[in-house]
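Here are the chains, one letter per residue:
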Amino acid sequence: MNDSTTQTSGDSRQSWWRRLRGGLSRTSSAITAAITDLISKRKLDAGVVEELEELLIRADFGVDVAGRIAGAVGEGRYDKIISSEEVKAILAAEIEKILVPAARPLVIDGASRPFVILVAGVNGSGKTTTIGKLASRFSREGRQVMLAAGDTFRAAAIEQLKIWGERTGSPVIAGAQGADAAGLVFRALEAARAQAIDVLIVDTAGRLQTKAGLMGELQKIVRVMKKLDPAAPHAVLLVLDATIGQNALSQVREFLKVAGVTGLVMTKLDGTARGGILVAIATEYRLPVHFIGIGEGVDDLAPFGAREFAQALAGIER
Ligand SMILES: Nc1nc2c(ncn2[C@@H]2O[C@H](COP(=O)(O)OP(=O)(O)O)[C@@H](O)[C@H]2O)c(=O)[nH]1
Ligand SMILES: [Mg+2]
């Protein structure tokens, strides 16, 4: 996806770019400060390339990607004086190339009513917040949204979803704490059909400690949905917290096994200097990255664009 599909008007595009740039600034400052430091008054040589590789590994790009990008910077440029702006530009171009296949938007198929989105991920990854942000976005697009409080484990989780429902004008189907999540989701899907809802977003629990139980619960939710609509869920979004770095990779592996993940949302990119993890995941799993979260506010979620993300990460000014 390119910038023009992210925002339409020039003004909002500019303000979005500033927000994205600001959100990724921890990672980009770490990278650009190191690059400037590395190449100031020095010719490019194997030592510089190696140090560049190391700094990319520190930003969680992963060893393979870091090696590939550093190699591309070095290619044909040994013994030349190269400016940090040039290095940043090559870096951005290489990151963009890697991310293009991952930047695929979440397409809401209007023929599926409701279009059911199951949201999975470990506790604290940002599921409920992301659901609120998505509800706001879809409502603004003129869609009727309903939320299902499938995280029945904690009372606070149910309350949190209700608040997002109020804020975004979306009805919330919730049960008592401890209620059977699959049963609740069944009811929600019935209600969504009766009320001609366009998008039903289902929150889930993310208890990592009881992995087997949690994963069983997810599978049960999916099985029960299919009784009403064999095509549901139409999307399974895995929400990943960027601040956990390389652990995100093993979470993708676990959830892919049981939940049939169709796309990713990476949150909290504003809270880490290691935003390269998104690049590592995109390379390893070839899953679409639909959205990124760069703050706690309702507007701090954006469709993922390869070029703008790569440029923001490389600290390029527009
Ligand atoms: N800085 C930042 N915080 C976020 C983002 N997304 C979620 N959070 C915060 O992360 C915490 C956990 O989020 P929550 O949605 O409750 O996670 P859940 O347990 O997966 O439902 C909350 O304090 C959120 O405000 C983000 O993109 N950036
Ligand atoms: Mg939650």
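Predicted model only: the values in this text are computed from it and were never measured. (Residues numbered from 1 in each chain as written. Chains lettered and ligands numbered in written order. Predicted model: local features only at pLDDT ≥ 70, side-chain atom pairs only at ≥ 80, totals over all residues.)

Engineer: Now, about unusual backbone geometry: what can you tell me, with residues and values included?
Structural biologist: That bond from R113 to P114 is cis: its omega, 0 degrees, falls within 30 degrees of zero. With respect to the element layout, P114 can be found in the loop between α6 (84–99) and β1 (115–120). Following A232, the chain continues into P233 via a peptide bond in cis, with omega recorded as -5 degrees. Relative to the elements of secondary structure, P233 occurs in the loop between α10 (211–228) and β5 (235–241). In the Ramachandran plot, D60 falls in the positive-phi region, its phi being about 70 degrees despite a non-glycine side chain. Among the structural elements, D60 can be located in the loop between α4 (46–58) and α5 (63–74). Classification of D60 as buried rests on a count of 25 C-beta atoms within 10 Å. (Helix = DSSP H or I, 4+ residues; strand = E, 2+ residues; numbered from the N terminus. Buried ≥ 20, exposed ≤ 12 C-beta atoms within 10 Å, placed from the backbone.)

Engineer: Tell me about the domain arrangement of the protein, and please be specific about residues and values.
Structural biologist: Split into domains, the protein comes out as domain 1 (6–102) and domain 2 (115–304). For domain 1 versus domain 2, the separation of C-alpha centres amounts to 31 Å. Contacts between domain 1 and domain 2 engage 21 residues on the former and 21 residues on the latter. Elements represented by at least two residues in the side of domain 1 that touches domain 2 include exactly α2 (10–23), α3 (25–39), α5 and α6. Examining the composition of the side of domain 1 that touches domain 2, we find that 4 residues originate from one element, α2, more than from any other. Tallied by class, the residues present in the side of domain 1 that touches domain 2 amount to 13 nonpolar, 4 polar and 4 charged. (Domains from an automatic or database assignment. Contact = placed C-beta atoms within 7 Å. Nonpolar A, V, L, I, M, F, W, Y, C, P; charged D, E, K, R; others polar.)

Engineer: Account for the sheet that holds strand β3 (residues 172–173), naming residues and giving values.
Structural biologist: Strand order in this open sheet of 8 strands is β3-β2-β4-β1-β5-β6-β7-β8, and the pairing throughout is mixed. At either margin of the open sheet sits one strand with a lone partner, and together these are β3 and β8 (301–303). Relative to strand β4 (residues 199–202), strand β2 (residues 145–148) runs parallel, the two sharing 4 bridges. The residue bridging M146 from the neighbouring strand is L200, located in β4. With respect to the sheet, helix α11 (residues 247–259) is in contact with β1 and β5, its orientation differing from that of β5 by roughly 160 degrees. (Pairing = 2+ DSSP bridges. Axes fitted to C-alpha atoms, helices over the stretch in contact; angles between N-to-C directions.)

Engineer: Before we move on, could you go through the packing of helix α7 (residues 127–140) against helix α8 (residues 155–168) and cite the residues and values that matter?
Structural biologist: Direction vectors running N to C along α7 and α8 enclose 15 degrees, while the axes themselves pass 9 Å from each other. With respect to each other, α7 and α8 are oriented roughly parallel. The interaxial crossing formed by α7 with α8 has right-handed handedness. Contacts from T128, I131, G132, A135, S136 and S139 of α7 reach α8 at A157, Q160, L161, W164, R167 and T168. When the residues that make up the contact of α7 with α8 are grouped by side-chain class, the tally is 5 nonpolar, 6 polar and 1 charged. (Parallel < 35°, antiparallel > 145°, perpendicular 65-115°, else oblique. Left-handed = near helix turned anticlockwise from the far one by under 90°.)

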